[in-house]
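A closer look at the structure
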Amino acid sequence: MPIKDSTVLPNRVGLSDINWQLRGVNSVKKQFLGLVALLCVGVVLVGCEPGADPTAASEQSRHSADEAEAFSEFSQAFIDAMLEHHPEWAIYQGHYDSAGEVSIPTEQQREANLAFWREWLGRLEAFDVDSLTPKQQPEFALLKNALESRIWYQEVFKNWAWNPATYNIAGPVAILLNTEFAPEETRYRLVMQRLADAGAYYEAAKQNIERPTLEHIDLALVRSQGIFSVINDDLLDAVRDSELSATEKAQFEQHFEAAQRAVRDWIDYLGALSEQWADHENPRSFRIGEDLYEEKFRLDIQSQFDASELYRRALAEKEALLAEMDVITIELWSKYFPQTPMPDKQFERIGQLVSFLSDQHVELDEFVPEIRRQIPLLADFVRDNDLLFQDPSKPLVVRETPEYMRGGGAIASVSSPGPFNPGAETYYNITPLEYFGEEAAASYLREYNDWVLQILNIHEGIPGHYTQLLHANRSPSLVKSLFRNGAMIEGWAVYAERMMLEEGWGDHEPELWLMHGKWLLRVVHNAILDYEVHVQGKTRNEVVDMLQTQAFQEASEANQKWRRLTLSQVQLTSYYTGYAEIYALREQMKQAQGEAFSLRDWHNEFLSFGSAPVSEIAKLMRE
Ligand code: ZN
């Protein structure tokens, strides 16, 4: 996985990070397009506040109109400035005007960044948030968070000094090569400009590393080797065959070779670094500790809860889920094991039944066709049961994952055009399981058995990520497309799974509920273990054991999760946090509204705010 936005905000929750999650299955490679015109049916209007004094009300609204207008102009100016100031960030957003410029990660660059962010934060804070429109208020929160995060990452978290995997030249280059936004020759020229700066880039990187963690040195080594899958002889051959002039080709070759040398030199440096710190008596721990964890959680997730509160909720949810799963297990035991006595231990009996049922799955060659078959059924169910507005004019295109997108370990993802590339189709990408080899394919088939496959389709497709995307597009907002909240996006997809089962998808089949329990247990454990490892110091053996015995995960999954826990912080909690907040908000409003509560209206209104933090949406919906 390429590092995103390497000089700006390397560890920020990004959708490509989310691809790692849940063995990559819940992945969503999603850039929310904001510009496609969609039918405007049933839009929920919010925020017509009744004013007691009509004169005061009209003055208030005049003032708001000015303020709202000024805020729109400010947002646009800020986005333009960001795209110019952070060329790598712009590339990831699908904007290529300054794509040939490389941000060299020097001290000077960091000072310039800080001045830039502080200036814009000052201008932002001059707005009176209460006088903005209900759609703008979450945008204000997103922009404030984006700026405060960047400042905090650079000044306090300082991963630029301890995480050498922050530095990687391949990501932007791969996008320029794989995205057909301009003729090939134009893109090769941009790549050439970037390669020309590789030496300076890695020299600056070396100056930055102070006390790295061993785990991140190792990650940097793996990912730096990976650069040669992008900057290799195939690229050079393609350039030689291109329409570039002979002079340009010679120039390209020269920069290409210098860039390869710079990467090899960087890899040597990392090797030496690894030896140096492996013997060191006091290397930096990958555990970030409570103070940094709480602050990172606040900035990355933008939740109404703090990290310790979220952790306590996850623990309670785990117990509730296990109790639910146990009731089902006891109920189903004699159906599947008529001759076998039921184990006394809860974890054992649930584990045995889950394992037994996992053998019920489609055949290898039916995997993609079965997904294709289910999507329209899900759309029908949502419409027939009046669960939310599902736009029938924009069907989701199910396809096999294109070759160049494979290899990240992800089985399923959703691709949609970025905000600057509207109009294209939205795809549900499925990697054919044969791709992973025979043994892994067999294991995946068990994992995505007859029941979990339905849950996966709900999550990625309808009414999960794809439906949320369609709704977000109906109120186009560049701010919400560019600074979207990952916890809301993932939380919605996890919420959709449970909501569909509650509303009768699968006819309340106990096996489906059991498998949903296992699926959600993994999400809940991600949140629990992230906190326990980083704040409470849980060890590798404890983590692996808990995942296998209490969450019914395979050994390979458990070991992989440990590695993930050592390399990231907070991101693993985003699924559960978003889900817990959305579910709690719905239950609270359902209770408050009583008979008047309509699930359809609630969903449509919730989704109308776009990919904003759930805490912000909650404020507006409660008003
Ligand atoms: Zn997802």
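All of these numbers come straight from a predicted model, not from anything done at the bench. (Residues numbered from 1 in each chain as written. Predicted model: local features only at pLDDT ≥ 70, side-chain atom pairs only at ≥ 80, totals over all residues. Heavy atoms only, no water.)

**So, unusual backbone geometry**
Applicable threshold: By the criteria applied, helices consist of DSSP H or I runs no shorter than four residues and strands consist of E runs no shorter than two, each listed in order from the N terminus. Relative accessibility thresholds used throughout: buried, under 20% of the residue-type maximum; exposed, over 50%; partly exposed, between the two (1.4 Å probe, protein chains only).
Cis peptide bonds are those with omega within 30 degrees of zero, and the linkage from Ile 462 to Pro 463 qualifies with 0°. Looking at where Pro 463 falls in the secondary structure, it is placed in the loop between helix H18 (452-460) and helix H19 (465-474). For Gln 302, which is not glycine, the phi dihedral falls at a positive 55°. Mapped onto the secondary structure, Gln 302 falls in the loop between helix H13 (289-301) and helix H14 (307-336). With relative accessibility at 10%, the residue Gln 302 sits in the buried group. Of note in this structure, Phe 552 is not a glycine but carries a positive phi near 60°. Mapped onto the elements, Phe 552 comes out in the loop between helix H23 (540-550) and helix H24 (555-567).

**Looking at the nonpolar core**
Our working definition: Residue types Ala, Val, Leu, Ile, Met, Phe, Trp, Tyr and Cys, when buried and joined through side-chain atoms within 4.5 Å, form a set referred to as a nonpolar core. Start and end positions for the domains come from either an automated domain assignment or a database one. Throughout, a contact is declared for two residues whenever any of their heavy atoms are within 4.5 Å.
Core analysis: the largest hydrophobic core is formed by 104 residues, its most contacted members being Phe 367, Tyr 428, Tyr 448, Tyr 495, Tyr 576, Trp 602 and Phe 606. The leading source of residues in this core is helix H22 (residues 510-534), at 12 residues. A domain split of this core shows at least three residues from each of domain 1 (54-163) and domain 3 (301-325 + 360-539 + 552-622). Setting aside anything within four residues of it in sequence, one finds Phe 606 in contact with Met 488, Trp 492, Ile 582, Leu 585, Val 614, Ile 617 and Met 621. The next biggest cluster of nonpolar side chains, apart from the first, holds 49 residues, and it includes Trp 160, Ala 198, Leu 244 and Trp 266.

**Describing the pairing of strand S3 (residues 412-416)**
Heads up, the rule is: Pairing between strands requires that DSSP locate at least two bridges from one strand to the other.
The buried fraction of S3 is high, at 5 of 5 residues. Side chains of S3 alternate between two faces, with Ala 412, Val 414 and Ser 416 and Ser 413 and Ser 415 buried alike. Pairing geometry for S3 and strand S4 (residues 427-430), over 4 bridges, is antiparallel. When the sheet's bridge partners are listed, Val 414 is paired in S4 with Tyr 428.

**What to know about H14**
To keep things clear, this is the line we draw: Any helix carries an expected span of 1.5 Å times its number of residues minus one. The bend at a residue is defined as the angle formed between two axes, one fitted to the seven residues ending at that residue and one fitted to the seven starting there.
With 30 residues, H14 should cover 44 Å at 1.5 Å per step; its first-to-last C-alpha distance of 41 Å lies within 8% of that length. Taken as a whole, H14 carries its principal kink of about 35° at Ile 330.

**Let's talk about the packing of H22 against helix H25 (residues 574-593)**
Rules: Axes, fitted as lines to C-alpha atoms, cover a helix only where it is in contact. Angles between the N-to-C directions of the axes lie from 0 to 180 degrees. Should an angle fall under 35 degrees it is called roughly parallel, over 145 degrees roughly antiparallel, and 65 to 115 degrees roughly perpendicular, with every other angle called oblique.
Axis separation between H22 and H25 bottoms out at 7 Å; the angle between their running directions is 110°. As summarised for this structure, H22 and H25 are arranged roughly perpendicular, according to the angle between their axes. For the pair formed by H22 and H25, the contact residues are Leu 520, Val 523, Val 524 and Ala 527 on the first element and Tyr 575, Tyr 576 and Tyr 579 on the second.

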